[in-house]
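Read off the chains here:
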Amino acid sequence: MLIRRSFHVASKPRSADARAACCRPKTYRRRDNWLKLGGSSMCGLAGILHRDRVRDAGRRIGSMAAAIRHRGPDDDGFFEDADISLGFRRLSIVDLHSGRQPMTNEDGTVWVVFNGEIYNHRELRRELETEGHRFKTDHSDTEVLVHGYEQWREKLLDKLNGMFAFAIWDQRARSLTLGRDRLGIKPLYIAETSEGSLLFASEIRALQASGLVSLQPDDAAVFAYFQNQNIWNGRSMFRGIRQLRAGYYLVDDGRGRREAEYWDFSFNRRSKAPAVAATMLRDVLDETVDRQIAADVPVMAYLSGGIDSTSLVAAAHRRDPKVRAYSCIFDLEGVGEDRQVDERGFSRLVANELAIEHVELELPQTVLRRALLPTLQALEEPRMGMAYVNYLIAGRVAEDSKVVLSGCGGDEMLGGYVGRYGYVGGAASGAARSWWWRFLRPQEASAVERILPLYTYPLMPSEYDAAFTASFKAGAGDYSVAEELRALLARAPSDHVWDKLLYADAKTYLAGLLMVEDKVSMAHGLEARVPLLDNRIIDLATSFDWSLLTDGSVGKKVFRDAVRPWVPQRIADKPKMGFGPPDASWYRGGLRPFVEQVLAPQRVAARGVFNPDFVATALEAHMSGKANRLTLLWSLLSFEAWCEAFDLYGGDLGMPLGDENRLHPLSRSVASS
């Protein structure tokens, strides 16, 4: 059954469960006014490790938790002692009635707040029970962290298969441990005060709400973003705020603070018979979806019409016929060459052949006028891709469910970016090198020289001087995407150029996509799960010889063979198509007045970051059809909305991002709390 719906702005908020007050003196729950973002909410954590430096830490942690209430309306919880304050907001998905946080061990000496899912918690629970640990909950994955820490300390991280960010407080040792999953699916922001206190939270706005951290733009990070439409290596675009890096943990024991990496990629590629490799991958994917569809609430799935989302929809629907598929389609009237991004024909084919209930959200050409500001409020900083589409479809799914499966990560891990692999050369074992590489690319070029051109957008290095004002450049310093890429590739545990490219993409491009996925879904109280980034799939994919993944012209070869029994043949054989709106045409059509107003010379000049003449030239080139500057224009629009949402570089300059477009004024509400 196909359900069609045109775009609408407001989502109906779900009602929160009753909140029970806890009688213990150091742990408590409280009622706060509902701060709305996208109509619903999701899990979030916050903490202040102050070691008796902040006398009113309890009040401040309450403000931090209130700032991220949009992430968890179902419950809240707090813990305090002389050295630390922890806060938590919960969206109940697993163990609805007994999984409250902060959670402790049997004697109340180890406490945890945790955002995410541990998919192998049942196996770990059994292992811990054999070691004598006693569990109080029925099947809460959070409690596994408490007892796992008791048993293994930091080695616990090596055993976890999931998406997570957590904080564990050891009262006896007076020690804090922060941990983040392998790839950074769940964020964890950190800030340090001048007197040595450590603040941490799921979102930047919670750090600001503490009153101990102010939001000031980092010129160097802004400069970096426009070199690669991304920010890497734990950096944020706010001065003094960073993320715990993916695959890392942090320990503060009162004597010092250390960070260490517990996981990185390992490429152990071996040849296998294609049929054997396909069967291995299919079995692991089947088990992965079985794990990740487990929840005590309904689970839905995105369906773009590509092979990644189709395979997940098919696998999930086989287990639960109530799973629905959700697709985003676009108004194509007057759209030019970029009409090919609309994949409705493929998504409808999948829904029909699988006999699955299918929900479509059709976006009008001017939807960006209403969606730009709330999208940047949700993201908290400019990010890659036209994220407003992700924001809107997440809002539609959240009207029906708390959990959705996403195909994010399949291309990065399974050899999907054939254009990128072909560009850098270095064909797989047994496959011919692309003819155009042999003629156009020097064989002796280093990996950095081969890969760097893929990382220099939306601005080319030759444009930096013309694009930025002299005063901004002076403050931004001499950040170089080439030097950062060189340092990153030097860490790659392989000399094969495709392994190096995969490594760089996972640490940069994929990290940016995951941040978008997390932020736009959490803005609506929706947990996005990414089965194709399960530990077992990554470990298997990085053990396959490249010839099983791609030959430089056909991508995801073994994955196509693995899911072929599940998906329509047209989908199994379909070349990759990028997901996104036809913005290149929309900007030249109904959105043109809006884009030109947002990027008007007087507004650009007032920010003091970009040269108005450069922006005007880029606009004219795009609008006239002389060039496609879509990526640059989206980045500039995002930057403008970010400045207004968080009062940066001149803040609110008035229309066109005025009150009529401020759907969810989250940042201002937090700032005034």
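Keep in mind that this is a model prediction, so the values were computed, not measured. (Residues numbered from 1 in each chain as written. Predicted model: local features only at pLDDT ≥ 70, side-chain atom pairs only at ≥ 80, totals over all residues. Heavy atoms only, no water.)

Give a detailed account of the packing of aromatic side chains, specifying residues and quantitative values.
Both the distance between ring centres and the angle between the ring planes are used here to describe each pair of aromatic rings. Scanning all chains against the criterion turns up 25 aromatic pairs. Their ring planes at 80 degrees and their centres at 6.0 Å tell us that Phe226 and Phe639 sit as a pair that is edge-to-face. With Phe226 in helix H6 (residues 219–228) and Phe639 in helix H29 (residues 630–645), this residue pair connects regions lying 413 residues apart in the sequence. An angle of 75 degrees between the planes, with centres 5.3 Å apart, marks the rings of Trp498 and Trp546 as edge-to-face. Of this pair, Trp498 sits in helix H19 (residues 497–507) while Trp546 sits in helix H22 (residues 546–549); the two residues are 48 residues apart in sequence, bridging distant segments of the chain. Cluster of aromatic residues (ring-pair linked, three or more members): Phe223, Tyr225, Phe226, Phe238, Tyr464, Phe468, Phe472, Phe610, Phe639, Trp642, Phe646 and Tyr649. Cation over ring: Arg420 sits above Tyr417, and NZ or CZ is 6.0 Å from the ring centre. Positioned above the aromatic ring of Tyr509, the side-chain terminus of Arg420 is 5.9 Å from the ring centre. (Phe/Tyr/Trp six-rings, centres within 6.5 Å; stacked < 30°, edge-to-face > 60°. Helix = DSSP H or I, 4+ residues; strand = E, 2+ residues; numbered from the N terminus. Lys NZ or Arg CZ within 6 Å of the ring centre and 35° of its normal.)

Outline the pairing of strand E10 (residues 189–192), listing residues and values.
Every other side chain in a regular strand lies on the same face of the sheet, so the side chains alternate between the two faces. In this structure, E10 lies alongside strand E11 (residues 198–201), joined through 4 bridges in antiparallel fashion. Note that in E11 the partner of Ile190 across the bridge is Phe200. Remark: 5 residues form the turn of the hairpin made by E10 and E11, two consecutive strands paired antiparallel; Gly196 in that turn has positive phi of roughly 105 degrees. Where E10 meets strand E12 (residues 241–243), 3 bridges bridge the pair, whose relative direction is antiparallel. (Pairing = 2+ DSSP bridges.)

Give a detailed account of unusual backbone geometry, specifying residues and quantitative values.
That bond from Tyr457 to Pro458 is cis: its omega, 10 degrees, falls within 30 degrees of zero. By the secondary structure assignment, Pro458 is in the loop between helix H15 (447–451) and helix H16 (464–467). Although it is not a glycine, Arg174 adopts a positive phi angle of roughly 55 degrees. With respect to the secondary-structure elements, Arg174 resides in the loop between strand E8 (162–170) and strand E9 (175–180). Within the chain, Glu380 stands out as a residue other than glycine whose phi angle is a positive 75 degrees. Secondary-structure assignment places Glu380 in the loop between helix H10 (368–379) and helix H11 (387–398).

Quick one: what's the story with the pattern of salt bridges, residue by residue and with numbers?
If charged atoms from side chains of opposite charge come close, those side chains can pair. Applying the stated criterion across every chain yields a total of 57 salt bridges. Residues Lys556 and Asp308 are paired through a salt bridge, measuring 2.8 Å at the closest nitrogen-oxygen approach. In this pair, Lys556 sits in the loop between H22 and helix H23 (557–563) while Asp308 sits in helix H8 (residues 307–319), placing the two residues 248 residues apart along the sequence. You'll find Lys556 and Asp308 in the same group, each marked buried. Asp411 is paired through a salt bridge with Lys556; the nearest N and O atoms lie 2.8 Å apart. (Salt bridge = Lys/Arg side-chain N within 4 Å of Asp/Glu carboxyl O. Buried < 20%, exposed > 50% of the residue type's maximum accessible area, 1.4 Å probe, protein only.)

Before we move on, can you summarise helix H18 (residues 481–491) with the specific residues and values?
Residues of H18 that are buried include every one of Val481, Ala482, Glu484, Leu485, Leu488 and Leu489, and no others. Along the axis of H18, the buried residues cluster in a sector spanning 160 degrees; they form a single face. In this structure, the buried residues of H18 make contact with H6, H15 and H19. Residue Ser480 occupies the N-cap position of H18, its side-chain oxygen lying 3.3 Å from the main-chain nitrogen of Ala482. (Arc of directions from axis to C-beta. Contact = heavy atoms within 4.5 Å. Polar contact = N/O pair within 3.5 Å; in protein donor to acceptor, adjacent residues only side chain to side chain.)

Which residues make up the environment of Ala541, and what values go with them?
Looking at the secondary structure, you find Ala541 in helix H21 (residues 535–541). Taking the C-alpha atoms as reference, Ala541 lies 9.4 Å from Phe559; in sequence the two are 18 residues apart. Discounting chain neighbours no more than four positions away, the residues touching Ala541 are Arg269, Met413, Leu414 and Leu549.

Break down the packing of H18 against H19 for me, with residues and values.
It is at 9 Å that the axes of H18 and H19 come closest, and there the two elements cross at 120 degrees. Handedness of the crossing formed by H18 with H19: right-handed. Taken together, the residues of H19 that come into contact with H18 (itself represented by Leu485, Leu488, Leu489 and Arg491) are Lys500, Tyr503, Ala504 and Lys507. Residue classes in the contact of H18 with H19 are distributed as 5 nonpolar, no polar and 3 charged. (Axes fitted to C-alpha atoms, helices over the stretch in contact; angles between N-to-C directions. Left-handed = near helix turned anticlockwise from the far one by under 90°. Nonpolar A, V, L, I, M, F, W, Y, C, P; charged D, E, K, R; others polar.)

Provide a residue-level description of the packing of H10 against H11, including the pertinent values.
Two elements in contact, H10 and H11, have axes whose closest approach is 9 Å; the angle formed by their N-to-C orientations is 90 degrees. Put simply, H10 runs roughly perpendicular to H11. In this structure, H10 uses Leu368, Ala371, Pro374, Thr375, Ala378 and Leu379 to contact H11, whose residues at the interface are Ala387, Tyr388, Tyr391 and Leu392. (Parallel < 35°, antiparallel > 145°, perpendicular 65-115°, else oblique.)

Now, about the sheet that holds strand E6 (residues 103–104): what can you tell me, with residues and values included?
One open sheet accounts for 6 strands, arranged E6-E7-E8-E9-E13-E14; its pairing is antiparallel. For this open sheet the edge positions go to E6 and strand E14 (257–261), each flanked by a neighbour on one side alone. Here E9 runs beside strand E13 (residues 248–252); their pairing, made up of 4 bridges, is antiparallel. Paired with Leu178 across the two strands is Leu250, which belongs to E13.

Break down the nonpolar core for me, with residues and values.
Ranked by internal contacts, the top residues of the largest apolar core, which has 200 residues, are Phe226, Phe265, Tyr388, Tyr587 and Trp642. When residues of this core are assigned to their parent elements, the largest contribution, 11 residues, is made by H29. Excluding residues within four positions of it along the chain, Phe265 makes contact with Leu183, Met413, Pro493, Leu502, Tyr503, Ala506, Lys507, Ile538 and Thr542. Counting 21 residues, the second-largest nonpolar core is a separate cluster that includes Phe88, Val113, Leu176 and Leu188. (Core = buried A, V, L, I, M, F, W, Y, C linked by side-chain atoms within 4.5 Å.)

Outline the environment of Ala165, supporting the account with residue identities and numerical values.
Looking at the element boundaries, Ala165 is found in strand E8. Note on Ala165: relative accessible area 0%, which makes it buried. With 81 residues separating them along the chain, Ala165 and Ala246 place their C-alpha atoms 9.5 Å apart. Residues in contact with Ala165, not counting those within four places in the same chain, are Leu45, Val113, Phe114, Asn115, Gly179, Arg180, Lys186, Pro187 and Leu188.

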